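The residues making up each chain are set out below.
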Amino acid sequence: MPVHNSDIKKILKDMADLLDIKGANEFRVRAYRNAARTLGQLSKNVEEMVREGEDLTRLEGIGEDLAGKIEEIVNTGTLEQLEELKRELNPEMVRMLEVASLGPRRVKKLYDALGINNLKDLKEAAQKKKIREIEGFGKKTEEKILTELQEMGEEKRTLLKEAEEVAEAFYSYLQKSEGIGQIEVAGSYRRRKETVGDLDILVSLAGKDNNRVMEHFVGYEDITEIISKGETKSSVRLKSGIQVDLRAVEKESFGAALLYFTGSKAHNIEVRKLALERGYKISEYGVFEGETQVAGETEEGVYQKLDMPWIPPQLRENQGEIKAARENSLPSLITWKDIQGDLHTHSTRTDGRNTIKEMVEAARKQGYSYMAVTEHSKRVRMVNGLDEKGLLEQIEEIKELNSTLEGFRVLAGIEVDILYDGSLDLEGEVLEKCDLVVASVHYNRNMSREAMTNRILKAVENPHVNIIAHPTGREINKRRGYPVDLEKVMTEAKGAGVFMELNGYPSRLDLKDTHCRMAKDLGVKISLGSDAHSTGGLTNMKYGIDQARRGWLEREDVLNTLSWKELKKILKKK
Ligand code: DGT
Ligand code: CA
Ligand code: CA
Ligand code: ZN
């Protein structure tokens, strides 16, 4: 395996950090840090230098000793001294360095003051407000550590789209097993949460041979670890890192088990309460009256026994869905078929991979009757965002394209940047010529909640803006959204005739389920956009739909369920 400069740099830096935590001589620590820095700035490949017998001590900050260490890394891929240090210190202590506001000094201080040597103790101490009392830490740092710990925890969850690829492949593999009847992927996956912790697959047995089913399950080629294997329950870990739990139940219990393992836990608890009130016992095996099973083969049957219609999994979060079901007032949730067009796409003109023509073709195949092209504006230099002239050219290009299309309309749009002061990146007289103006924040995100809210409100009030796109700027597992008072923004948007975007890009989905519900309650229509950067990206819409459903949205809550004719009228109203 080749050893890159960055690998060597990382090892040297780890050495410095661990020595520092250990309280080693300051000069020794600094020597490793300097060497790591030198490696980071080097244009030559160190591995090659070693192979060609070049003298490493000629490099800045590298003496005999360090040169020998670097050779060891190149030859063995690691450094014995580092491995030793890792064995000596609690490896969890090393992980504490992943908390952004903790450096080695602080880790050592935490250990000396409170004996903290792992993340769990760190979290506990922060929650008990003990950290603020250590010299040099304070309340702010303590709160920051808690947030950072939380973010680290969140990172372990898998994006729904990634989980979907894994789940679908596993599903088809299981289908090939003899002895399996029905298969469902339950858990948060079935509730279509934006991220999933693990996958919960439920199967019903067609024969009586559990063993064969479990053998087949653990024989899947992508498995890296068999965590447990029993007759009715097994767990494995896959190459992708995701854990999969499999449960096998008899056919008569499949519905009850599906309901139970779909969750959420909070939903299950409410369902159980209702059952108890009616004198039933409910479990993953069925609904029982005394010893007799009275429901459980299907989910519908279980809900029916409790006087409720079937509840779509996306709603099962104990957010009022049980009450609504019992009053027969469940929302009739939006589906992909209700969507008439996509309101957020990119093409090769900026950072997309397909031409407008190709995107249009794909959108038609999707069954849409319109699609807005919304390129970035000039402030987004990295992707050659459009300036006024470029936008005018594109409007012309789209006009021409439209004249060749029948039964389909390309909307000339723009995703214009909301600048630091809340003004827009392009002149109003050009924006005026667009069918649709989508505005979003990309830069200078480091603002107070109040300042960011005012910045976006200014865009809301701008007469040219129709939609506020990705209104929180978050990227799941990468960065939190900027702080913004969405309730205030939505309230103003409602008054100004502006719509809020639910971006379907699987790692964005800026508006959370709860935000969608907030919009519905405030009466602001949501615009669903795929933010497609290629023809394949148009299918991001389905993640938007799932999120919208989790937010209780119905057809009339979503802007692009309207035909272009209706939509045009609404946009003009502004
Ligand atoms: P995840 O995996 O963290 O994204 O979330 P879930 O909802 O898939 O949770 P998971 O995998 O721990 O369990 C799957 C379902 O099993 C969960 O949604 C509800 C059910 N379940 C698990 N533990 C309990 C429990 O202690 N009580 C009840 N009532 N249900 C549970
Ligand atoms: Ca799960
Ligand atoms: Ca699970
Ligand atoms: Zn975009």
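Residues numbered from 1 in each chain as written. Chains lettered and ligands numbered in written order. Predicted model: local features only at pLDDT ≥ 70, side-chain atom pairs only at ≥ 80, totals over all residues. Heavy atoms only, no water.

A separate point is the packing of helix H1 (residues 5-22) against helix H5 (residues 80-88). Two elements in contact, H1 and H5, have axes whose closest approach is 10 Å; the angle formed by their N-to-C orientations is 40 degrees. Considered as vectors, H1 and H5 are oriented oblique to each other. Note on packing geometry: the crossing formed by H1 with H5 is left-handed. Listed contacts from H5 to Ile-11, Asp-14, Met-15, Leu-18, Leu-19 and Lys-22 of H1 are Gln-81, Leu-82, Leu-85, Lys-86 and Glu-88. Residue composition of the contact of H1 with H5, by class: 6 nonpolar, 1 polar and 4 charged. (Axes fitted to C-alpha atoms, helices over the stretch in contact; angles between N-to-C directions. Helix = DSSP H or I, 4+ residues; strand = E, 2+ residues; numbered from the N terminus. Parallel < 35°, antiparallel > 145°, perpendicular 65-115°, else oblique. Left-handed = near helix turned anticlockwise from the far one by under 90°. Contact = heavy atoms within 4.5 Å. Nonpolar A, V, L, I, M, F, W, Y, C, P; charged D, E, K, R; others polar.)

The next thing to look at is the nonpolar core. Across soluble globular proteins, you tend to see nonpolar side chains buried next to one another. Counting 90 residues, the largest nonpolar core has Phe-170, Leu-199 and Met-500 as the members making the most contacts within it. The element best represented in this core is helix H10 (residues 160-175), accounting for 7 residues. Formed jointly, this core draws a minimum of three residues from each of two domains, domain 2 (156-249) and domain 4 (336-573). Sequence-distant contacts of Phe-170, defined by excluding residues within four places in its chain, comprise Ile-201, Phe-217, Tyr-220, Val-236, Leu-238 and Val-244. Ile-21, Leu-102, Leu-110 and Ala-125 belong to the second largest nonpolar core, which has 48 residues in total. (Core = buried A, V, L, I, M, F, W, Y, C linked by side-chain atoms within 4.5 Å. Buried < 20%, exposed > 50% of the residue type's maximum accessible area, 1.4 Å probe, protein only. Domains from an automatic or database assignment.)

Here we take up the site of ligand 1. Around ligand 1, the surrounding shell holds 15 residues, and the nearest of these are Arg-157, Ser-188, Arg-191, Gly-197 and Asp-198. In the model, an oxygen atom of ligand 1 is placed 2.9 Å from a nitrogen or oxygen of the Asp-198 side chain. A distance of 3.1 Å separates an oxygen atom of ligand 1 from a polar side-chain atom of Asp-200. Protein contacts shield 70% of the accessible area of ligand 1, which totals 600 Å² for the unbound molecule. Within the residue set of the shell around ligand 1, elements represented by two or more residues are helix H11 (187-190), helix H13 (254-262) and helix H14 (265-277). Per-element accounting of the shell around ligand 1 gives the leading share, 3 residues, to H13. Residues that form the shell around ligand 1 fall into these classes: 3 nonpolar, 7 polar and 5 charged. (Near = heavy atom within 4 Å. Polar contact = N/O pair within 3.5 Å; in protein donor to acceptor, adjacent residues only side chain to side chain. Areas by Shrake-Rupley, 256 points an atom, 1.4 Å probe, with all protein chains shown as cover.)

Here the focus is the coordination of the calcium ion (ligand 2). Listed as protein donors to the calcium ion (ligand 2) are Asp-198 (O), Asp-198 (OD) and Asp-200 (OD); their distances from the metal cover 2.2 to 2.6 Å. Note that the calcium ion (ligand 2) binds 6 donor atoms; their angles at the metal cover 70 to 167 degrees, and the shape is irregular. In this structure, the calcium ion (ligand 2) lies 3.8 Å away from the calcium ion (ligand 3), the two metals sharing Asp-198 as a donor. Assessed through its relative accessible area of 13%, Asp-200 is described here as buried. (Donors = N, O, S within 2.8 Å, 3.2 Å for Na, K, Ca; no water. Tetrahedral: all angles 85-135°; square planar, octahedral: opposite > 155°, others 65-115°.)

The next point concerns the sheet that holds strand S15 (residues 467-468). The sheet built from 7 strands is open, its strands ordered S11-S12-S13-S14-S15-S16-S17 with parallel pairing. Taken across any chain shown, the strands that pair with only one partner, and hence form the sheet edges, are strand S11 (341-342) and strand S17 (526-529). Across 4 bridges, strand S16 (residues 499-503) lies against S17 in parallel orientation. Residue pairing across strands places Glu-501 opposite Ser-527, the latter belonging to S17. Across the sheet, helix H17 (residues 356-365) touches strand S12 (370-376) and strand S13 (409-417), and the angle it forms with S12 is around 145 degrees. (Pairing = 2+ DSSP bridges.)

On the protein side, the calcium ion (ligand 3) has Asp-198 (OD), Asp-198 (OD), Asp-200 (OD) and Asp-245 (OD) as donor atoms, found 2.3 to 2.8 Å from it. Between consecutive donors of the calcium ion (ligand 3), the numbers of intervening residues give the motif D-x1-D-x44-D. In this structure Asp-198 comes out as partly exposed when scored by relative accessible area, which is 22%.

All right, on to the domain arrangement of the chain then. Looking at the chain, the domain boundaries give domain 1 (5-152), domain 2 (156-249), domain 3 (259-330) and domain 4 (336-573). The C-alpha-based centres of domain 1 and domain 4 are spaced at 43 Å.

The final tally for this structure, using the stated rule, is 6 aromatic pairs. With 5.3 Å between their ring centres and 15 degrees between their planes, Phe-170 and Phe-217 make a pair best called stacked. Of this pair, Phe-170 sits in helix H10 while Phe-217 sits in helix H12 (residues 210-218), placing them 47 residues apart in sequence. Considered together, Phe-170 and Phe-217 belong to a single accessibility category, that of buried residues. Each ring, one from Tyr-173 and one from Tyr-220, has its centre 4.8 Å from the other, and the planes form 45 degrees; the classification is tilted. (Phe/Tyr/Trp six-rings, centres within 6.5 Å; stacked < 30°, edge-to-face > 60°.)

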